[in-house]
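Chain residues, written in single-letter form:
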Amino acid sequence: DAGRGSRSRHSIPMRDEEEDIDEIERQVRERYARSTHIEYGEEAADVEQQALLPSVKDPKLWMVKCAIGHERETAICLMQKFIDRTDLQIKSVVALDHLKNYIYVEAEKEAHVKEACKGLRNIYASAKITLVPIKEMADVLYVESKNVDLARDTWVRMKLGVYKGDLAKVVDVDNVRQRVTVKLIPRIDLQVLASKLEGRVVAKKKTFVPPPRFFNIDEAREMHIRVERRRDKDSGEYFEMVDGLMFKDGFLYKPVSIKSIHTQGIQPSFDELEKFKKPGDDMNGDMSSLNTLFSNRKKGHFMKGDAVIVVKGDLKNLEGWVEKVEDTTVHIRPKISDLPKTLAFNEKELCKYFKPGDHVKVVSGVQEGTTGMVVKVDGHVLIILSDTTKEHIRVFADHVVESSEITTGITRIGDYELHDLVLLDNLSFGVIIRVETEAFQVLKGVPDRPEVVLVKLREIKSKIDRRTSAKDKFNNMVATKDVVRVVEGACKVCILSHLLLYLSSTLLCNPNTVTFIFPLLN
Amino acid sequence: DSTEANSRRGEERRRGEARMRGGGGGMMDDGGVEHAQIPNSFGHELRACLRCRLVKTYDQFRENGCENCPFLDMDKDRDNVVSCTTANFTGIISLMDPNRSWAARWLRIGRFIPGCYTLAVSEELPEEYQGMCQDNNVQYFPPKRP
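Residues numbered from 1 in each chain as written. Chains lettered and ligands numbered in written order. Predicted model: local features only at pLDDT ≥ 70, side-chain atom pairs only at ≥ 80, totals over all residues. Heavy atoms only, no water.

A. Expanded view of the pairing of strand β11 (residues 251-257) of chain A. All names here are of chain A. In this structure, strand β7 (residues 179-184) lies alongside β11, joined through six bridges in antiparallel fashion. Within β11, the position partnered with T181 by the bridge is P255. Both strand β10 (residues 245-248) and β11 contribute to a ladder of three bridges, which runs antiparallel. Across the sheet, the residue bridging to M246 is Y253, located in β11. (Pairing = 2+ DSSP bridges. Helix = DSSP H or I, 4+ residues; strand = E, 2+ residues; numbered from the N terminus.)

Structure representation (structure tokens):
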């Protein structure tokens, strides 16, 4: 037994050997024939496609004008005509979804095209027939594969209607019917709605778009609008129904067709997101929506040396430093020494990482140009103490790079500088307390009622430059640039920057960067 | 205006139907060429076969199956129609002469019978049916993904 066993293990009997060899050969052939076929299928697909480009021997493509909106109908009619009278010599007809008013007809000669189009209702007898250059033929049949990443909690923007341009969040997707339900901040004119429900005819003010505001049931009820509480059969949640519209938590839930929303390249601004996040909202829920948001945003510039953190995938929360950036791939050197020297990630999986104490500069967004120190990291949002204004500003981590640069900030636009006293268009005046990228913040008003207004450059008429003097509480002469002490009010020592001899003898002070208006105590 | 269009379409439909009574997979006209059924309406009923991209209405697939893919048995079970066809497609090409047409070659539909096809579908044929394609020695090209 053992002998036989060992023999069969070490040697194969002669006769069987031959058969086995044949068997082995057959298996090998089969195995490798199959694998090359598979390889071919994947890689050579592009090369094969190249081989299918049109040549001079192929029929030509002609562009024909037809009735707008009836492109598909025309193509199908021509098919029917071909079946009815097989003397039609055209080879094919193409109707593209995105090209209105035209169809393409493939034929050897223009005469064939003319003959085919005769008698067709949708093609005018005098219709233009244009030859498509051979180099452009492949482009005609190019179909852009729409990467529709529609999932719950994706951010989209409305294309049409009252809510055009508004940010919305997807709450439900119905691929079968090509519809989604989105969550919007309502733009409802309660007055118009109330009148409509009462049957009163209202002259429709087409140009008026109501401002976005959260829906308040009590407000609606005050206007005698009937609000019903209904349970939605699909989601099982409760909604407030008014005039066929569904509301919940103040948001409007609106079913729309997929075609009516923009899904690509949506970049919500910080303000829009803040508005969407109602107070009392679950922070966790918000974080996940912010995450989807970030995976769709165009990522900022990663530079060598940036500290980053992985936010998606299995290596989530891994910290590292950027070594190399290649198109959309970023190579990082991970913080943990046990891992390989560099790891590659898609830029969508990374986010810049900052620690409190880092000094940074904002390179995009509303706060562009500001420099400051990170005081708090809140997920993807950094709270920075600005060098110039000493205010806390919130920015996305993507918009910021580490920098030791300290800007003094823009202090002047055009002729006007910080702390100038200016005359505004409507004959009011004020002091510029802050210079922003495109406008000024101007402090106007009277004592006890200061008012800060955002003013554009062109709204400023001129500078006011007066050398005047006034008296203070103790009847001393006070002039500009004097250091004074405020006896009543919140402030202590300030430098007088302007004196305004107005009725109430207003005194403007400027401690550091904050400006106040105080009454001159006479 | 629309009524005229409807009546014309009605005419064509009737004519088409008369021919369809020829029955079977490919339609044979007297002395004519074999072809697939032509869609007899334009609305949301239009569907494209996920394997060969032939375009017909749901009812036409249900009654006569797919002329290029008879093994998918669409005329036997309505589930097959629902799984193997989609309403999500882009563009239409009426193919009269698959042998000579360059567009058909480019779109890899040159081996199918004349009929109305679509340029691209958005979904892949489900796995079970892909298996059936292999069993029947039939090629299946999934839609290109970016």
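Now that the structure is up, let's keep going.
B. Focus on the sheet that holds strand β15 (residues 329-334) of chain A. All names here are of chain A. Strand order in the open sheet formed by five strands is β16-β15-β14-β13-β17, and the pairing between neighbours is antiparallel. The outermost strands of the open sheet, each flanked by one partner alone, are β16 (343-346) and β17 (350-352). Between one strand and the next, the sheet's axes are offset by a mean angle of 50°, whatever the strand orientation. Bridge analysis of strand β14 (residues 319-326) against β15 gives six bridges, and the strand direction is antiparallel. The partner of G320 across the bridge, within β15, is P334. (Axes fitted to C-alpha atoms, helices over the stretch in contact; angles between N-to-C directions.)

C. A look at the environment of L245 of chain A. Along the polypeptide, L245 of chain A turns up in strand β10. The sequence separation of L245 of chain A and P255 of chain A amounts to 10 residues, and the corresponding C-alpha distance is 9.6 Å.

D. Structural view of the interface of chain B and chain A. With 42 residues of chain B at the contact, the number on the chain A side is 42 residues. Looking only at chain B, the three residues that lose the most surface to chain A are M96, W102 and W106 of chain B, adding up to 22% of its buried area. If you look at where chain B meets chain A, you find three salt bridges. For the salt bridge of D58 of chain A with R105 of chain B, the shortest nitrogen-to-oxygen distance reads 3.0 Å. At the junction of chain B and chain A, the tally comes to 12 residue pairs in polar contact (both at pLDDT 80 or more). Mapped onto the side of chain B that touches chain A, the elements with two or more residues apiece are α1 (2-20), β4 (89-95), α4 (102-106) and β5 (115-121) of chain B. Per-element tally for the side of chain B that touches chain A: the top contributor is α1 of chain B, with eight residues. Residue composition of the side of chain B that touches chain A, grouped by class: 20 nonpolar, nine polar and 13 charged. (Contact = heavy atoms within 4.5 Å. Buried area = accessible area lost by both parts, 1.4 Å probe. Salt bridge = Lys/Arg side-chain N within 4 Å of Asp/Glu carboxyl O. Polar contact = N/O pair within 3.5 Å; in protein donor to acceptor, adjacent residues only side chain to side chain. Nonpolar A, V, L, I, M, F, W, Y, C, P; charged D, E, K, R; others polar.)

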